[in-house]
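So the chains spell out like this:
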Amino acid sequence: MSNAIIKINDVNKWFGDFQVLKNINLEVQPKQKIVVCGPSGSGKSTLIRCINRLEEHQEGNIIVDGNELTEDTKDIEKIRAEVGMVFQQFNLFPHLSILDNCTLAPIWVKKMPKKDAEELAMKQLKQVQIDDQAQKFPGQLSGGQQQRCAIARALCMQPKIMLFDEPTSALDPEMIKEVLDAMVNLAKQGMTMIVVTHEMGFAKEVADEVIFMDEGMIVEKANTKDFFANPKSDRTKLFLSQIL
Amino acid sequence: MNKLNFLKPNKENLNTYLYIGSFLFFIAVLDVFLGSFFQINITSFLPNFVGFILPLILGVVGLHLIRIEFSGIPKLDLLNKNINTNTFNAVLTLLIIFVVIKSIPPLMSWFIIDANIAGDTKEACTGSGACWTYIKIWLRRFIYGMYPNELQWRINISFFLLIALAFVGLIPSKKLKKFLTLYYVIIYPIIAFILIYYLISGGAFGLEWVETGAWGGLSLTFIVSFFCLIFCFPVGMFLALGRRSALPTVRYISVGFIEFWRGVPLITVLFMSSVMFPMFLPEDFFMDKLVRVIIAISLFEAAYVAEVIRGGLQALPRGQYDAAKSLGMGYWKMHIFVILPQALKLVIPGIANTFLALVKDTPLIFVVGLLEIVGMLNLAKTNPKWLGFAMEGYVFAAIIFWIICYAMSKYSYNLELKYKTER
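Bear in mind the structure is a predicted one, so any value in this text is a computation, not a measurement.

What counts, and at which threshold
Residues numbered from 1 in each chain as written. Chains lettered and ligands numbered in written order. Predicted model: local features only at pLDDT ≥ 70, side-chain atom pairs only at ≥ 80, totals over all residues. Heavy atoms only, no water. Contact = heavy atoms within 4.5 Å. Salt bridge = Lys/Arg side-chain N within 4 Å of Asp/Glu carboxyl O. Polar contact = N/O pair within 3.5 Å; in protein donor to acceptor, adjacent residues only side chain to side chain. Helix = DSSP H or I, 4+ residues; strand = E, 2+ residues; numbered from the N terminus. Nonpolar A, V, L, I, M, F, W, Y, C, P; charged D, E, K, R; others polar. Buried < 20%, exposed > 50% of the residue type's maximum accessible area, 1.4 Å probe, protein only. Axes fitted to C-alpha atoms, helices over the stretch in contact; angles between N-to-C directions. Parallel < 35°, antiparallel > 145°, perpendicular 65-115°, else oblique. Left-handed = near helix turned anticlockwise from the far one by under 90°. Pairing = 2+ DSSP bridges. Core = buried A, V, L, I, M, F, W, Y, C linked by side-chain atoms within 4.5 Å. Arc of directions from axis to C-beta. Disulfide = S-S within 2.5 Å. Domains from an automatic or database assignment.

*Asks:* Which residues make up the interface of chain B and chain A, and what values do they have?
*Replies:* Contacts between chain B and chain A engage 21 residues on the former and 26 residues on the latter. One can count 2 salt bridges joining chain B with chain A. At the boundary of chain B with chain A, the tally comes to 7 residue pairs in polar contact (both at pLDDT 80 or more). It is helix α13 (residues 318-326) of chain B that provides the largest number of residues to the side of chain B that touches chain A, a total of 8 residues. Per-class residue counts for the side of chain B that touches chain A are 7 nonpolar, 7 polar and 7 charged.

Following this line, the structure appears as structure tokens:
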């Protein structure tokens, strides 16, 4: 298992006195799809935010694509450029058009020529079926369209790993499907994905492995079939009985 | 009958009420109008007090009568909805109308009818109104200060060129569009400095040198405001970023700087810049008084600008920082492309506020002996030949400052509209 793209060893993290992550161990293989679920406040968002160092962990080590994330990491931007992230609140840049949202980072971070960046952006926008909205501003789009744009924006950096932080939680029920479709589509293309979500249907369809977290710990980690068919811990059973 | 239906019309006698009401309102306004414009008191047969209060009573009764709900006349409904909703509003409306009518004749007579503009001496001003002769004779001084008359074309040309160059941005060329920001932020100020240094100050190319002490009037107001606005903005921006920096040294220096300049009055800063500051410099080092003043005001205002911009930075949701970071942007790229464009857009009204205050603070440079327009006024009003015209001078300055500030405020409002995008 040495070719894992993400390695998390004994990671601990505190917010003040409160310990949010307790002894987290996790390995993610290339092209693997992992769904992280659990009650709110269980530390699942914090965990994936640690993977591109939007949050700093205090103990243990996280190795992403061969680079360890520490305080001294000078080229943290390079690692972040390899790891795409989609947020619960979309976080599109409201002052830029959809197209500019997608081309900004490729042009200025990857030094891609403007023409190539726009071509790539249009290709990615077409993938998520909002290429006809490219000239509009985020405020003019529906939540589902904004979230799909956010996915396209992350993909424009051609990342090796995609992190999804509850991508459908802020959406109207009707719009959840269009975003999940885009994610399923992406999974089929072989992207490495870590998805924090409560959409168990998505987990069953796409995930290789499901992780259940509670109170900062990984309570259960199993391949998808086993996780839903015969969960081991009582806490997982309770959670599944409530959510399914 | 649970509601007193005093003098309220029904459908049948609506028109009667309308006519009586309008007539009473008309009489009320006419009474004030005649009294104000022609000194005719149509109610002179009444006791003084009653005659004074009568138009108000008539007007209120009149407005009460025409306050008809759903009269079916659109204009009347609109009027009733906006300025005649109840008796209190009717009184306010009438009082405002009366104040406007009453104040027009004295203002007209002071500004125009009884004012003088002919002649060259104080004696030409015979009317009871304003003496615009005074402004006319002193106009050159108010605009150019003590700058020699025969050299004033140099100021004219500089300002004309600067205004013309400011409109370069309107040239619709796609190739040049990219360089516009660079032009306005760096090249334009440099051109301005060169023009002012060589053309207005002189001393090279065969132009006679005019020391900055002789500069003054409105042109000095413009020069000081222009450079202070240009310098204080970037300094303020860096201070705002510095105050939010993760590096403690940068943060403490920024906080210290901001709190120091915000804590001292501008007048002391100016005084220090001209009296104290040279003491700390080597003896053979010379820095012009005007340059010191511009630096002092810029730093002073930069502290205010910094706090305004910091407000904008704090108003941005944390998600914007997260998103920019997750795309691999470093500190500067994140701020230049994502954070500052949004934050600055938010604080346009605050920045405009600070800039207006800056322009109106420029008269304070009199403490170091530089006389811009208000300084020149103060000088002119003490001239023995022209004593007693302070009023005209200050009104003139007020009008000039109002025009400058109103133009700036309009411009900032247009900027707001231009950069408005739906969130």
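The structure having been displayed, the exposition proceeds.
*Asks:* Can you explain the side chain of Asn 12 of chain A? Please cite residues and give values.
*Replies:* All names here are of chain A. Position of Asn 12 relative to the elements: it lies in strand β1 (residues 6-15). Looking at Asn 12, the relative accessible area reads 7%, which means it is buried. A distance of 2.8 Å separates a polar atom in the side chain of Asn 12 from a polar atom in the side chain of Gln 19. Contact partners of Asn 12, with chain neighbours within four places excluded, come to Gln 19, Leu 21, Lys 22, Asn 23, His 57, Gln 58 and Glu 59.

*Asks:* I'd like to hear about the packing of helix α8 (residues 180-201) of chain B against helix α9 (residues 217-243) of chain B, residue by residue, with values.
*Replies:* When two helices pack together, you describe them by how their axes are tilted relative to each other and by the distance separating the axes. Residue and element names in this part refer to chain B. The contact between α8 and α9 brings their axes to 11 Å, and the two run at 150°. Considering their axes alone, α8 and α9 lie roughly antiparallel with respect to each other. Here the hand of the crossing between α8 and α9 comes out left-handed. Listed contacts from α9 to Tyr 188, Pro 189, Ala 192, Phe 193, Ile 196 and Ile 200 of α8 are Ile 223, Phe 226, Phe 227 and Ile 230.

*Asks:* Could you give me a rundown of the sheet that holds strand β5 (residues 67-68) of chain A, with the residues and numbers involved?
*Replies:* Strand-to-strand pairing in sheets goes through backbone hydrogen bonds, with the strands running parallel or antiparallel. All names here are of chain A. Pairing in this open sheet of 4 strands is antiparallel, and the strands run β2-β1-β4-β5 from one edge to the other. Of all the strands in the sheet, just β2 (18-28) and β5 have a single pairing partner and so form its edges. When strand β4 (residues 59-64) meets β5, the two strands line up antiparallel, connected through 2 bridges. Opposite Val 64, over in β5, you have Asn 67 as the bridge partner.

*Asks:* Quick one: what's the story with the sheet that holds strand β6 (residues 83-86) of chain A, residue by residue and with numbers?
*Replies:* Residues and elements named next belong to chain A. One open sheet accounts for 6 strands, arranged β6-β7-β8-β3-β9-β10; its pairing is mixed. In this open sheet, the two strands that pair with only one neighbour each are β6 and β10 (217-223). Going across the sheet, the axis of each strand differs from the next one's by a mean of 15°, ignoring polarity. Across 4 bridges, the pairing between β6 and strand β7 (residues 161-165) is parallel. Looking across to β7, one finds that Gly 84 is bridged to Met 162. Most of the contacts of helix α1 (residues 44-51) go to β7, to which it runs at about 150°, and overall it touches β3 (33-37), β6, β7, β8 (192-196) and β9 (209-214).

*Asks:* Explain the nonpolar core residue by residue, including any values.
*Replies:* The nonpolar side chains of soluble globular proteins are, as a tendency, buried together. Counting residues in each nonpolar core, the largest one holds 98 residues, and the members touching the most others are Ile 8 and Phe 93 of chain A together with Trp 215, Ile 297, Leu 313 and Met 329 of chain B. Among the elements that take part in this core, helix α12 (residues 289-315) of chain B stands out by supplying 12 residues, more than any other. In contact with Ile 297 of chain B, other than residues within four places in its own chain, are Val 224, Cys 228, Leu 266, Leu 270, Leu 358 and Ile 365 of chain B. Ranked by size, the runner-up nonpolar core spans 48 residues in total, among them Ile 151, Met 183, Phe 212 and Leu 240 of chain A.

*Asks:* Can you lay out helix α11 (residues 266-275) of chain B for me, pointing to particular residues and giving the numbers?
*Replies:* Residue pairs three or four apart in sequence face the same way in an α-helix, which turns once every 3.6 residues. Among all positions of α11 of chain B, only Leu 266, Val 269, Leu 270 and Ser 273 of chain B are buried. Mapping the buried residues of α11 of chain B onto a view down its axis gives an arc of 95°, with all of them on the same face.

*Asks:* I'd like to hear about the environment of Arg 141 of chain B, residue by residue, with values.
*Replies:* Residues and elements named next belong to chain B. Tracing the backbone shows Arg 141 in helix α5 (residues 132-144). Among the residues examined, Arg 141 registers a relative accessible area of 22% and is labelled partly exposed. In this structure the C-alpha to C-alpha distance between Arg 141 and Ile 373, which are 232 residues apart in sequence, comes to 8.5 Å.

*Asks:* Give a detailed account of the state of the cysteines, specifying residues and quantitative values.
*Replies:* In this structure the tally under the stated criterion is 0 disulfides over all chains. Note on Cys 37 of chain A: no disulfide assigned, nearest cysteine sulfur contributed by Cys 50 of chain A at a separation of 19 Å. The thiol of Cys 405 of chain B is unpaired, and the distance to the nearest cysteine sulfur, on Cys 228 of chain B, comes to 14 Å.

*Asks:* So what's going on with the domain arrangement of chain B? Residues and values would help.
*Replies:* Under the domain assignment used here, chain B contains domain 1 (2-113) and domain 2 (132-147 + 210-422). Computed over C-alpha atoms only, the centres of domain 1 of chain B and domain 2 of chain B are separated by 47 Å.

*Asks:* Please provide a residue-by-residue account of the pattern of salt bridges, values included.
*Replies:* Across all of its chains, the model carries 17 salt bridges over all chains by this definition. Across the pair Asp 131 of chain A and Lys 126 of chain A runs a salt bridge whose closest N-O atoms are separated by 3.8 Å. By relative accessible area, Asp 131 of chain A is classed as partly exposed at 25%. Residue classification places Lys 126 of chain A among the exposed positions, given a relative accessible area of 55%. Of the charged contacts, one joins Glu 178 of chain A and Arg 148 of chain A as a salt bridge, the two residues approaching to 2.9 Å between their closest N and O atoms. In this pair, Glu 178 of chain A sits in helix α6 (residues 173-188) while Arg 148 of chain A sits in helix α5 (residues 143-155), placing the two residues 30 residues apart along the sequence. For Glu 178 of chain A, a relative accessible area of 26% corresponds to the partly exposed category. It is possible to trace a salt-bridge network through shared partners that takes in Lys 13, Arg 49 and Glu 55 of chain A together with Arg 318 and Asp 322 of chain B.

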